[in-house]
Amino acid sequence: SYIITLLAFLITLIAIIPNFAEAIEDSSWGINTHTPTNDQLELCSELGVGWIRVSFNWADVEAAGKNQFNWGTLDNVVAQASSRNIHIYGSIGDTPPWASASGGRNAPPTSASDWHDFVHACVSRYSYWVHHWGMWNEPNLPQFWTGTWEDYVNVILIPGYQAAKAADPDCLVLGPGLSDANRVDTLEFFDSVMENAGSYIDIATQHSYAGSVSDIMFFIDNFIYALLQDRAPGKELWLTETGWRTDTQGEDFQATMYWEMCEAIEAREHIGKVFFYQLSDGPEPELWGIVRYPDNSHKPAFSQYQSYISGSTPPELSSGCFIATAAYGTPMAREVKTLSTFRDRFLLTNLHGKQFVKCYYKISPRIAKIISGNKLLRLIVRTGLRPIVFLCKNLPANFGERE
């Protein structure tokens, strides 16, 4: 009967896997990575975010000329992110010199069809994993866009939307991704885009920086979201950039703001996701990252964000036995203690056991969240764990020792 029960338990886990992937996609938590290295993607996995914002720069991919693509770096990013079950919000932008009248990355392309063709090629290539695409970054700032508002709508947004939908009808187009450096101009730009081309945006995005979370939320709630409701009622809003510098505001302040922002996002149904700016510092003097450069050491905000993400999964996970704790409701349950003892006495005393525990800690908190919120799943998992707990409890003291 134990074998039958164990098989039923394994079948249940297989059934959970699609829901697990969906739960990651539904995650509210993201971070800006630009074009991340493999080490940085591993940091994202360790952090526990479900989403990263990645730069798909036209000027880098098609730099040499029309239809002369170099996809190598982005191929690796998408493959490595998908292998870690991290979803990507792709931000497309930057005009290559051959397509720009002035030669600048921030200038409008001389031909909207060149932009259309690149977006179509990009979305087509990565449609197996990337389904959310942003049309340009902060087009209300001259360092990113020297065209007019009308240019943004007619040359970038509308042709980009049409190209993306032609390549992948199920993808979602995001925008306009404005900076709030000048909030009056931001609101006028946002209002104009949503009035004239709101139907070409599936999810509205905004970037907002300020000294406090309360100031950011006041602006988002009472101005950005209010305008969105007026122009496109019911449309989802994502906060795709927000953050604090540690070179001017300090690492402890950054960590406190991360926690407060997470609480603020979780309290608002009208903000779907937040993407903090940014994962890693660089050599530049402005330090926005939660990981230091060049040694990738964690700042306090990394641990705060990581704790919030995992801590908002199931309650009371101090035992480390996430799935068992979710199933039994407390780390003090004798079954959880039995499994914890097995981990400490047997798994953590050998290489293969340590590798298993490391892998388990990466994926189990999110599975535990699914289990903890469903009474039937908790019952099924408890039933499936019963023979495993029995075996762990009755193993001989010298189990696993070499002769």
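Everything that follows concerns the structure shown earlier in this document.
Rules used in this analysis
Throughout this description, residue numbers start from 1 for each chain and increase along the sequence as written. Where local features are concerned, this predicted model is filtered to residues with pLDDT of at least 70; where side-chain atom pairs are given and counted, the filter is 80 or more; whole-chain, interface and lining totals use all residues. Excluded from the side-chain calculation are hydrogens and water; included are all heavy atoms of the structure. Segments assigned H or I by DSSP are reported as helices when at least four residues long, segments assigned E as strands when at least two residues long, and all are numbered from the N terminus. Relative accessibility under 20% of the residue-type maximum defines a buried residue, over 50% an exposed one, and the middle range a partly exposed one, all with a 1.4 Å probe and only protein chains included. Residue contacts are counted whenever heavy atoms from the two residues lie within 4.5 Å of one another. Method for areas: the Shrake-Rupley scheme with a 1.4 Å probe, in which residue coverage is limited to the protein chains shown. Being paired, for any two strands, means DSSP has found at least two bridges between them. We call a crossover right-handed when, viewed with the strands running away from us, the connection from the first strand over the helix to the second turns clockwise. An axis is simply a line fitted to the C-alpha atoms; with a helix, the fit covers only the stretch in contact. Between two such axes, the angle follows the N-to-C directions and lies from 0 to 180 degrees. Here is the rule: rings of Phe, Tyr and Trp (six-membered ring for Trp) pair when centre to centre is within 6.5 Å. Planes less than 30 degrees apart are stacked, more than 60 are edge-to-face, and the remainder are tilted.

Things to note about the overall build of the protein chain
If you tally the helices and strands in the protein chain, you get 15 helices and 8 strands. Across the 403 residues of the protein chain, 52% fall into the buried class. Within the protein chain, contacts between residues separated by at least 24 positions form 72% of all contacts whose residues are at least 6 apart in sequence. Total accessible area on the protein chain is roughly 18200 Å²; 54% of this is exposed by carbon and sulfur atoms.

What to know about the pairing of strand β2 (residues 51-57)
A large share of β2 lies buried, amounting to 7 of its 7 residues. Burial along β2 is two-sided: Trp 51, Arg 53, Ser 55 and Asn 57 and Ile 52, Val 54 and Phe 56, pointing in opposite directions, are all buried. Sheet topology places strand β1 (residues 29-34) next to β2; 4 bridges connect them, and they run parallel. If you follow Gly 30 over to β2, its bridge partner there is Trp 51. Considered for its hand, the β-α-β crossover made up of β1, helix α2 (residues 38-47) and β2 is right-handed.

Quick look at unusual backbone geometry
For the peptide bond that leads from Gly 175 to Pro 176, omega is 0°, which places it in the cis range. Tracing the backbone through its elements, the reader meets Pro 176 in strand β5 (residues 172-178). Phi at His 34 takes a positive value of approximately 60°, unusual for a residue other than glycine. Positionally, His 34 belongs in strand β1. Unlike most non-glycine residues, Asn 85 shows phi in positive territory, near 60°. Here Asn 85 lies in the loop between α4 (72-83) and β3 (87-93).

Observations concerning α2
Buried within α2 are the following residues: Gln 40, Leu 41, Leu 43, Cys 44, Ser 45 and Leu 47. Once α2 finishes, Gly 48 follows within two positions and takes phi at roughly 95°, a positive value.

Some thoughts on the sheet that holds strand β6 (residues 203-207)
Picture the strands of a sheet paired through backbone hydrogen bonds; they go either parallel or antiparallel. Read around the closed barrel, 8 strands run β1-β2-β3-β4-β5-β6-β7-β8, paired in parallel fashion. Across this sheet, the average inter-strand angle for adjacent strands is 30°, counted without regard to direction. As paired strands, strand β7 (residues 236-242) and strand β8 (residues 271-276) are joined by 3 bridges and run parallel to one another. If you follow Leu 237 over to β8, its bridge partner there is Ile 271. The strands that helix α11 (residues 300-311) touches are β1 and β8; relative to β1, the one it contacts most, it runs at about 140°.

Overview of the packing of aromatic side chains
Each aromatic ring pair is described using two quantities: the centre-to-centre distance and the angle formed by the ring planes. One pass over the full model with this rule turns up 30 aromatic pairs. Ring centres of Tyr 89 and Trp 238 lie 6.2 Å apart, and the angle between their planes is 90°; this geometry places the pair in the edge-to-face category. With Tyr 89 in strand β3 and Trp 238 in strand β7, the pair connects residues that are 149 residues apart, well separated along the chain. For Tyr 89, a relative accessible area of 2% corresponds to the buried category.

Section: the environment of Leu 74
Within the secondary structure layout, Leu 74 lies in helix α4. A relative accessible area of 5% means that Leu 74 is categorised as buried. When the C-alpha atoms of Leu 74 and Thr 35 are compared, they prove to be 7.6 Å apart, with 39 residues separating the residues in sequence. Residues contacting Leu 74, with those up to four places away along its chain left out, are Thr 35, Val 54, Ser 55, Phe 56, Val 61 and Tyr 126.

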